[in-house]
Amino acid sequence: MKPNGPRRLPNRGWQLIVASALLIGCAVLLAVRADATEAAAEVRTVDQDVQALKKELVDLNRDLFRLEEELLYPASTQVAVFLSVNVGTFFALDSVQLNVDGKEVANYLYTEREVEALHRGGVQKLYLGNLKAGEHELVAVFTGKGPHERDYRRGTTLKFDKAVGAKYVELRITDRDAALQPEFAVRQWE
Amino acid sequence: MDSRDRAARARLTALAHTFALAVAALAGALFFPFIAHAAPATGAQAPDFALKDLAGRNQRLSEFRGDVVVLTFWASYCGPCRVALQSARDAAAAVGGTPVALGVSLDRDATRAASVAASLGLESPSLLDTDQAVGRRYDVQHLPMTVLIDREGVVRRTWARDPVPTDVLLQSIRELQP
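Residues numbered from 1 in each chain as written. Chains lettered and ligands numbered in written order. Predicted model: local features only at pLDDT ≥ 70, side-chain atom pairs only at ≥ 80, totals over all residues. Heavy atoms only, no water.

Points about the overall build of chain B
What counts here: Helix numbering and strand numbering both begin at the N terminus, where a helix is a DSSP run of H or I of at least 4 residues and a strand a DSSP run of E of at least 2. Using C-alpha atoms as the atom set, the radius of gyration is obtained and then compared with a globule rule of 2.2 Å times the number of residues to the power 0.38. Three exposure classes are used, based on accessible area relative to the maximum for each residue type with a 1.4 Å probe and protein chains only: buried under 20%, partly exposed in between, and exposed over 50%. Every residue pair with non-hydrogen atoms within 4.5 Å of one another is taken to be in contact. Here the accessible surface of atoms and residues is derived via Shrake-Rupley with a 1.4 Å probe, and residues count as covered only by protein chains that are part of the display.
The helix and strand tally for chain B stands at 5 helices and 7 strands. Relative to a compact globule of 178 residues, whose C-alpha radius of gyration would be 16 Å, chain B shows 23 Å and is clearly more extended. Dimensions along the principal axes, computed over C-alpha positions, put chain B at roughly 85 × 35 × 30 Å. Taking all 178 residues of chain B together, 39% fall into the buried category. Long-range pairs, those at least 24 residues apart, make up 68% of the contacts in chain B between residues at least 6 apart in sequence. Here chain B displays about 9800 Å² of accessible surface, and carbon together with sulfur accounts for 57% of that area.

Structural notes on the packing of aromatic side chains
Residue and element names in this part refer to chain A. Quick note on the threshold: When the centres of two rings from Phe, Tyr and Trp lie within 6.5 Å, Trp using its six-membered ring, the rings pair. Their planes under 30 degrees apart give stacked, over 60 give edge-to-face, and anything left gives tilted.
On inspection of all chains with the given rule, the structure shows 9 aromatic pairs over all chains. When the ring of Tyr108 is compared with that of Tyr110, the centres are 4.8 Å apart and the planes differ by 55 degrees; the resulting orientation is tilted. Measuring from centroid to centroid gives 4.5 Å for Phe142 and Phe184, while their planes differ by 25 degrees, and the two rings are stacked. With a gap of 42 residues between them, Phe142 in strand β5 (residues 134-145) and Phe184 in strand β8 (residues 181-189) connect regions that are remote in the sequence. Pair check on accessibility: Phe142 and Phe184 agree, each one buried. Three or more aromatic residues joined by ring pairs make a cluster, and in this case those are Phe91, Phe142, Tyr152 and Phe184.

Considering the interface of chain A and chain B
To keep it simple, the criterion reads: Simply put, the buried area is the total loss of 1.4 Å probe accessible area from both parts when two parts are fitted together. A carboxyl oxygen of Asp or Glu within 4 Å of a side-chain nitrogen of Lys or Arg is what we treat as a salt bridge. By the criterion applied in these results, polar contacts are pairs of N or O atoms within 3.5 Å in which, for protein atoms, one can donate a hydrogen and the other can accept it, and in which residues neighboring in sequence qualify only through two side-chain atoms. Polar here means any residue outside two lists: the nonpolar Ala, Val, Leu, Ile, Met, Phe, Trp, Tyr, Cys and Pro, and the charged Asp, Glu, Lys and Arg; Gly therefore counts as polar.
With 8 residues of chain A at the interface, the matching set in chain B holds 8 residues. When chain A packs against chain B, the two sides together hide about 710 Å² of surface, and 43% of this comes from carbon and sulfur. Together, Leu109(A), Thr111(A) and Arg113(A) form the three largest contributors to the area buried by chain A at its contact with chain B, with a combined 62%. Taken together, chain A and chain B are joined by 2 salt bridges. In this structure, Glu114(A) engages Arg60(B) in a salt bridge whose closest nitrogen and oxygen atoms are separated by 2.9 Å. The tally of links from chain A across to chain B stands at 8 residue pairs in polar contact (both at pLDDT 80 or more). Secondary-structure elements contributing two or more residues to the side of chain A that touches chain B are β3 (103-109) and α2 (112-119) of chain A. Split by residue class, the side of chain A that touches chain B holds 3 nonpolar, 1 polar and 4 charged.

Focus on the packing of helix α2 (residues 79-95) of chain B against helix α3 (residues 110-120) of chain B
Residues and elements named next belong to chain B. Our working definition: Here an angle of 0 to 180 degrees is reported between the N-to-C directions of two axes, which are lines fitted to C-alpha atoms, with helices fitted over the stretch in contact. Angular relationships are summarised with four words: roughly parallel below 35 degrees, roughly antiparallel beyond 145, roughly perpendicular across 65 to 115, and oblique for the angles in between. With the far helix as reference, a near helix turned anticlockwise by less than a right angle produces a left-handed crossing, and one turned clockwise produces a right-handed crossing.
Contact geometry of α2 with α3 gives a least axis separation of 11 Å together with a crossing angle of 50 degrees. Comparing their axes, α3 and α2 come out oblique. Here α2 runs over α3; the crossing is right-handed. Seen from α2, the contacting residues are Arg82, Leu85, Gln86 and Arg89; seen from α3, they are Val116, Ser119 and Leu120. Here the residues of the contact of α2 with α3 sort into 3 nonpolar, 2 polar and 2 charged.

Description of the domain arrangement of chain A
Reports often express the size of an interface as the amount of accessible area lost when the parts come together. What counts, and what does not: For each domain, the first and last residues come from an automatic or database assignment.
Taken as a whole, chain A is organised into domain 1 (1-72) and domain 2 (78-189). With centres defined by C-alpha atoms, the gap from domain 1 of chain A to domain 2 of chain A works out at 57 Å.

Considering the sheet that holds β5(A)
All names here are of chain A. Test applied: Strands are labelled as partners when DSSP assigns at least two bridges between them.
Taken together, 4 strands build an open sheet; the order of strands is β3-β2-β5-β6 and the sheet is antiparallel. Across the chains shown, the open sheet's two edge strands, defined by having one partner strand only, are β3 and β6 (151-162). When strand polarity is set aside, the average angle formed by the axes of neighbouring strands in this sheet is 15 degrees. Alignment of strand β2 (residues 92-100) against β3, held across 6 bridges, turns out to be antiparallel. Bridging across to β3, Leu98 finds its partner in Ala106.

With respect to empty space enclosed by the protein
Residue and element names in this part refer to chain B. Quick note on the threshold: Buriedness of a pocket was judged along seven lines, with at least five required to meet protein on both sides within 12 Å; pockets are open sets of points on a 1 Å grid over the protein atoms alone, cavities are sets where a 1.4 Å probe fits but cannot get out, and lining residues have an atom within 4 Å of a point. Grid points are joined across faces, edges and corners, and a volume is the space filled by probe spheres set on the points.
Taken as a whole and assessed by the stated rule, the structure comprises 2 cavities of 30 Å³ or more. Estimated volume of the largest cavity: approximately 80 Å³. Around the largest cavity sit Ala46, Asp48, Leu61, Ser62, Phe64, Arg65, Asp67, Val69, Ile149, Asp150 and Gly153, which together line it. Here the lining of the largest cavity is composed, by residue class, of 5 nonpolar, 2 polar and 4 charged. Reported here for the second largest cavity is a volume of approximately 60 Å³. In terms of lining, the second largest cavity is formed by Val70, Thr72, Leu85, Ala88, Arg89, Ala101, Leu102, Gly103, Leu122, Ser124, Pro125 and Ser126. Among the elements of the structure, β3 (69-74), α2 and β4 (100-105) are those that each provide at least two residues to the lining of the second largest cavity. Among the residues making up the lining of the second largest cavity, the classes are represented as 7 nonpolar, 4 polar and 1 charged.

Written out as structure tokens, the structure is:
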């Protein structure tokens, strides 16, 4: 057994130095952390400012777009044609040609992504223009692949009376389950 | 009397010439917007278009937004166009496939474009501009014409008449990479 000698107490001076060093270290850490928090808060504020600015820009752009549309296509003469697809398993859309009063006003080729977007419920503004009040004829020619991957071309006609207000027309491609054929409908929005 | 007649005739001729000139100037002013097709300037947004590729798929330029696009206008009858297509293909491959090399064939006969694309082994989409509407929008006057479009859809450089050397194209693409 080891004889128990007198234990040497650590030097008080060292204790003081270590304690002071620890205290200083803590103070520095706290100061650094406070700085970091402040810097992070500043970054957050700048980020918020940038986001707010971006939102303002988007709003401004939208207002300008609306203004431009109102000026170029006044409500009294405006005609807009939209296209939507409902289910569409019997028809793979490739392109749409739109004629108003015998004149081609739009001819649109659809990419796979655009067709997919339409299948997901997207509605495309196919044409926006001006027409005088009175009777007009709209002919839409759809091309694509029909049942059994066959080339398919189908036209649909709408005779409509343009009044003083804006006119909205929707071209809708739907499935006719009974006949296993696609159906091309034209609907006027009031 | 004769001199009077001659003077009157001369006046009439001058009047007719002035009238013809005025009509021509008016017609030019009226139809200029329909016949003028300025090429998209550097820094301008590249005009969007949709065309069928050789595989029958529809391709729209704006759908490649986010990638650098090398757009090469070519035709089967143009020899240097093959060099330009190869240059675009090699530059795109060297960068790692991130830039998209799109060829726009101005051939009216799609089979000719298909045979050239097959002979060059082009894997990137070859678009068919059979009615040359896109060629007119980009004001293609000399073949080949290569247009470098950045990730935002802005025209950065255009080369016409001579094929762009691969290293020059590569350098220009790298400048647009993030």
